[in-house]
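Each chain, written out:
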Amino acid sequence: MRSYRILICLTLALAASLNATETGFDPQQILKQLQELRQNQQQLQQTIAQQQKTIETLQKQVGEAAEKQKVADKAAAAFAPPPTAPSNVPMPQPSASQPSFRIGGVGGYMDISLDVLAAAAWSSEADASMRNLQFGGHDPHARGLTLQNAELAFQGAVDPYFRGDAFIITQIDRGETNVELEEAFLTTTQLPWNLQVKAGQFFSEFGRIGTSMPHPHTWDFSDQPVVWGRMFGADGLRNPGARVSWLAPTPFYLELFGAAQNANGGTAYSFLNSQGQTFAGRTLTGRTVHNIGDLLYTLRASSSFDLDDENTLSAGASSAFGPNSTGDHASTVIYGTDVYWKWKPVANDHGWPFVKWTTEALRRDYEAAEQTGFSAATLNDWGLYTEVAWGFQRPWVTSFRVDYAEGNDPADSQRDRRVRFSPNVTYYFSEFSKLRLQYDVDMAQHLNDKLAHAVFLQFEFMLGAHGAHKF
Amino acid sequence: MKQFLVMIMTVVTVWVSAAHVDAGDKIRVVATIEDLACIARDIGGDAVMVTAIAGGAQDPHFLDAKPSYLVQLNRADVLIENGGELEVGWLPVLVNGARNRKILPGSPGRVTAMNGIAMLEVPTRLSRAEGDVHPYGNPHFTTDPANAEVIAQNICAVFCAVVPTRTAKFRANLVAFKEHLDAALKRWQGTMAPVHGMKIVTYHKTFSYFARRFGLEVVGTIEAKPGVAPSPGYLAELVAKMKAEGVKLVLAEPFRDLKVAQFAADKSGAKLLITPSGVGGNADGRDLFSYFDWLTKTIVAAAK
């Protein structure tokens, strides 16, 4: 600090002398400059005095804190066995996403986990046909072994204002490794009025799967419901965008969601799906965004009621609307309703026994624009699934799903009438690994013999720290 | 249409007001387990309205993140959690959805009961091959009633910060609670004196803190590892050990696989005692003091 002051004085003096040589000798000016120098000196001294004071105050505070710490330590030692952490020092708070374990030791900044889902599959259909039946991108869709999904998850608090979640998935399809950024979004934690904003790349909160269990390892089955694939394609409804949700101040749970997302690509299958793809025979143009009417909008209301301590009933209604790429002004609307009931006794052993019953119904109105060979038409498709999972004895779960889907084209594998029954049984070695055996019997109009069978042996394992799942 | 809208508005208004009037001017406190709620009631007195999410008849590790809990947390002024990952499977996801800045981790309205507790069984190495081991140590510290003093201090500090005008009252309640607890501890020590040094087996490591406080020796657990069900081979070894060590009691909470616990007790000549993991698990343990009165008397009676 002192040398700094000297430097300033020297600089000022030098500037003054230079000035003097330029303008010649001028007593008036020298006096003025001396005055300025003195003022400068005084200002600097004031600053130094102030800083000295600050230093003293800080030293005093440090001393006091140390003293307080000693007193607190003594007090703590007086009443209890020596605590591992003094009570006035905050323990590392479990972060908002902290699951059973963390990577990188206690107090890491984020949870990192790897979840691997793989299956051995056999079908009465050859691979090309099996692919149409197992339409989900993470379904086992070929005879033999499939790596359905290896999900790398990063989750944690970004700062006091946001949480961050990212899911990067890898799968191996016919020897090719595909990597995609499934989700990467932030969620606000500090907004007032019961609001929460999510922004980034994320699954639209549509229906029960989209809202509570978008990732395949949380499903009670080895493949996704038929109607889900028909409405949302292989990869589910997810795109970059933003959503706002509001938790209503009702005595029961009621949450309203509204999202605006990009409507382009295969992850918006019923909307602006990629150029070169087809829908109901129509060629998709892959049109781009011109105005906000070209975005995808998703609305949802979700509610839940505790019937008693053991029974919970949740119900929701969703809709998604946006443009589709059969023409410049064509658009699609999808509606859905879902009901979920869960029974689990209060005195349960690691969650067993339990019964879960989920039913979702979806309907799509797809305005197909006029194209060569096709007149303009609104194509109506609908479908539902209903599934029961019964955890009858720890660690066993048996589940049964009925799928029904219907369009207007018996020859189109995605728009024919189809019924599927899927019984399965799952053994959970722990919360982090499981083995599942599932049988699918399919009655689909587009198949030559109208009937197909498939068997899957699926396993999952999870490493690392993975955030708790929603109800 | 207009009438319909008016009706809906009325219904919503009634719901909203119903949800907001019942606490009056009291602060709303949500505790994850009943044990913590009891202490909060004693410290907060008439200034607080306390509810608990889990009682002693359920496994606090394995609750569902029910939306109704999320609604409770949305309206809470104070959240008291046990900590040490006891609630890690369900509390974080609820707090994420609750949109309540008062109870976020690190906020003034968040009490972590674990702060200042001397933790037992802190692992030196973290591996899931060891079962559900918690990095902070065994989180079931509320089974040692002496820990209630530290917890009460943690709760008192947060109540004083949230309602500074009632500080004197909370501090007086804390002093009274400590006196009450000290007297009760002497009483429980007296009750437990005849069984000092007795060997027991517990289903899970739930009662490690209780055993240390009252001089019981836990020689094994029915579970092979925390959260891992026993294999027949493991059970046979355990039974042999129980016989060799002269184990008198098996403590198991009501939500465990009691058939297995009964089998081990029968084979080894020990007695199975079904004990809630904490307050609120049976009619005898409605608060902290009656719970430990019941637990100590029951253990001593069963050991005879």
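The rules we used
Counting restarts for each chain, with residues numbered from 1 along the sequence as it is written. As they are written, the chains are lettered A onward and the ligands numbered 1 onward, keeping that order. Where totals are concerned, whole chains, interfaces and linings use all residues; where local detail is concerned, this predicted model gives features only for residues with pLDDT of at least 70, and gives and counts side-chain atom pairs only at 80 or more. Side-chain measures were taken over the full set of non-hydrogen atoms in the model, leaving aside hydrogen atoms and water. A side-chain nitrogen of Lys or Arg and a carboxyl oxygen of Asp or Glu constitute a salt bridge if their distance falls within 4 Å. Working definition: helices are DSSP H or I runs of at least four residues, strands are E runs of at least two. Numbering for both runs from the N terminus. Three labels apply to residues, based on accessible area from a 1.4 Å probe with only protein chains included: buried if under 20% of the type maximum, exposed if over 50%, partly exposed otherwise in between. At least two DSSP bridges between two strands are needed for those strands to be called paired. The definition of a right-handed crossover adopted here requires that, viewed with the strands pointing away, the path from the first strand over the helix to the second runs clockwise. Values of pLDDT, the confidence the predictor places in each residue, fall between 0 and 100. Here, axes are lines fitted to C-alpha atoms. For helices the fit covers the stretch in contact, and angles between N-to-C directions go from 0 to 180 degrees. Throughout, a contact is declared for two residues whenever any of their heavy atoms are within 4.5 Å. In this analysis, a patch consists of residues with relative accessible area above 30% that form no salt bridge, clustered at 9 Å for like charges and at 5 Å for the nonpolar side chains Val, Leu, Ile, Met, Phe, Trp and Tyr. Methods summary: accessible areas were calculated by the Shrake-Rupley approach with a probe of 1.4 Å, and residue burial reflects only the protein chains presented. Charge assignment in this entry is limited to Lys and Arg as positive and Asp and Glu as negative, and neither His nor the chain termini are counted. In this description, the location of a charge corresponds to atom NZ of lysine, CZ of arginine, CG of aspartate or CD of glutamate. Take the number of residues in a helix, subtract one, and multiply by 1.5 Å to get its expected span. Each aromatic pair joins two rings of Phe, Tyr and Trp (for Trp, the six-membered one) with centres within 6.5 Å, and gets the label stacked for planes under 30 degrees apart, edge-to-face for over 60, and tilted for any other angle. We call a charge positioned above a ring when the Lys NZ or Arg CZ atom is no farther than 6 Å from the ring centre and deviates by at most 35 degrees from the ring normal.

(A) Focus on the pattern of salt bridges. One pass over the full model with this rule turns up 34 salt bridges over all chains. A salt bridge links Asp-220 of chain A to Lys-356 of chain A; the shortest N-O distance between them is 3.1 Å. In this pair, Asp-220 of chain A is assigned in the loop between α4 (207-212) and α5 (226-232) and Lys-356 of chain A in strand β13 (residues 354-368), connecting sequence segments 136 residues apart. The pair formed by Asp-220 of chain A and Lys-356 of chain A is uniform in burial state, with each residue classed as buried. With a closest N to O distance of 2.8 Å, Glu-245 of chain B and Lys-199 of chain B form a salt bridge. Of this pair, Glu-245 of chain B sits in helix α8 (residues 232-245) while Lys-199 of chain B sits in strand β5 (residues 199-202), and the two are 46 residues apart along the sequence. The exposure class assigned to Glu-245 of chain B is partly exposed, which follows from its relative accessible area of 30%. By sharing partners, the salt bridges in this structure join Asp-223, Arg-401, Asp-403, Arg-420 and Asp-440 of chain A into a single network.

(B) Seen up close, the pairing of strand β7 (residues 249-252) of chain B. Residue and element names in this part refer to chain B. The side-chain alternation of β7 yields two buried faces, one formed by Leu-249 and Leu-251 and the other by Val-250 and Ala-252. By the bridge criterion, three bridges tie β5 to β7 in an arrangement that is parallel. If you follow Ile-200 over to β7, its bridge partner there is Leu-249. For β7 and strand β8 (residues 271-274), the ladder comprises four bridges, and the chain directions are parallel. When the bridges of β8 are listed, Leu-251 appears paired with Leu-273. With helix α9 (residues 258-268) bridging β7 and its parallel neighbour β8, the resulting β-α-β unit is right-handed.

(C) Inspection of the confidence of the model for chain B at higher detail. Across chain B, the average pLDDT comes to 92, with 93% of residues at 70 or higher. Per-element confidence in chain B ranges from a low mean pLDDT of 59 for helix α1 (residues 2-21) of chain B to a high of 98 for strand β3 (residues 78-81) of chain B.

(D) Molecular detail of the sheet that holds β8 of chain B. Residue and element names in this part refer to chain B. Overall, parallel pairing links the four strands, which are arranged β6-β5-β7-β8 in an open sheet. Of all strands in the sheet, those bounded by a partner on one side alone are β6 (217-221) and β8. Strand after strand, the sheet turns through a mean of 30 degrees between neighbouring axes, direction not considered. Taken strand by strand, α9 contacts β7 and β8, and its axis lies near 150 degrees from that of β8. The strands touched by helix α10 (residues 288-303) within the sheet are β7 and β8, with β8 carrying the most contacts at an inclination of about 165 degrees.

(E) A negative patch on the surface, seen in detail. Among the surface-exposed residues, Asp-306, Asp-308, Asp-309 and Glu-310 of chain A lie close enough to one another that they form a single negatively charged patch. With respect to the helices and strands, Asp-308 of chain A occurs in the loop between β10 (296-306) and β11 (311-323).

(F) Molecular detail of helix α6 (residues 167-192) of chain B. Residues and elements named next belong to chain B. In this model, α6 (26 residues) spans 36 Å end to end at C-alpha, consistent with the 38 Å of a helix rising 1.5 Å per residue. The complete set of buried residues in α6 reads Thr-167, Phe-170, Asn-173, Leu-174, Phe-177, Leu-181, Ala-184, Leu-185, Trp-188 and Met-192. Check the buried side of α6 and you find it contacts α2 (34-44), α5 (148-162), α7 (208-214) and α10.

(G) Summary view of the sheet that holds strand β1 (residues 27-33) of chain B. Residue and element names in this part refer to chain B. A sheet is described by the order of its strands in space; here four strands give the open sequence β2-β1-β3-β4, paired in parallel fashion. Every interior strand has two partners, whereas the edge strands, β2 (48-54) and β4 (110-112), have only one. Each adjacent strand pair in this sheet contributes to an overall mean axis angle of 20 degrees, direction not counted. In this structure, β1 lies alongside β2, joined through six bridges in parallel fashion. Across the sheet, Ile-33 pairs through a bridge with Ala-54, a residue of β2. Together, β1, β2 and β3 form the strand contacts of α2, whose direction differs from that of β1 by roughly 150 degrees.

(H) Region of interest: unusual backbone geometry. A cis amide bond links Trp-352 of chain A to the next residue, Pro-353 of chain A, at an omega of -10 degrees. Look at the link from Arg-394 of chain A to Pro-395 of chain A: it is a cis peptide, with omega at 0 degrees. Phi is positive for Glu-85 of chain B, close to 70 degrees, though the residue is something other than glycine. Judged by relative accessible area, which is 3%, Glu-85 of chain B ranks as buried. Here Arg-99 of chain B, not a glycine, exhibits a phi torsion of approximately 50 degrees, which is positive. Inspection of the secondary structure assignment puts Arg-99 of chain B in the loop between α4 (91-98) and β4. What makes Arg-99 of chain B buried here is its relative accessible area of 9%.

(I) The packing of aromatic side chains, seen in detail. Throughout the structure, instances matching the rule amount to 27 aromatic pairs over all chains. Seen in terms of ring centroids, Tyr-427 of chain A and Phe-429 of chain A are 5.0 Å apart; in terms of plane orientation they differ by 75 degrees. Their pairing is edge-to-face. Judged by its relative accessible area of 28%, Tyr-427 of chain A falls in the partly exposed class. The class of Phe-429 of chain A is exposed, set by a relative accessible area of 53%. In textbook terms, an aromatic cluster arises when at least three aromatic residues are bridged by ring pairs, as seen for Phe-177, Trp-188, Phe-207, Phe-210, Phe-214, Phe-289, Tyr-291, Phe-292 and Trp-294 of chain B. The aromatic ring of Phe-432 of chain A is capped on one face by Arg-128 of chain B, whose charged end is 3.8 Å from the ring centroid.

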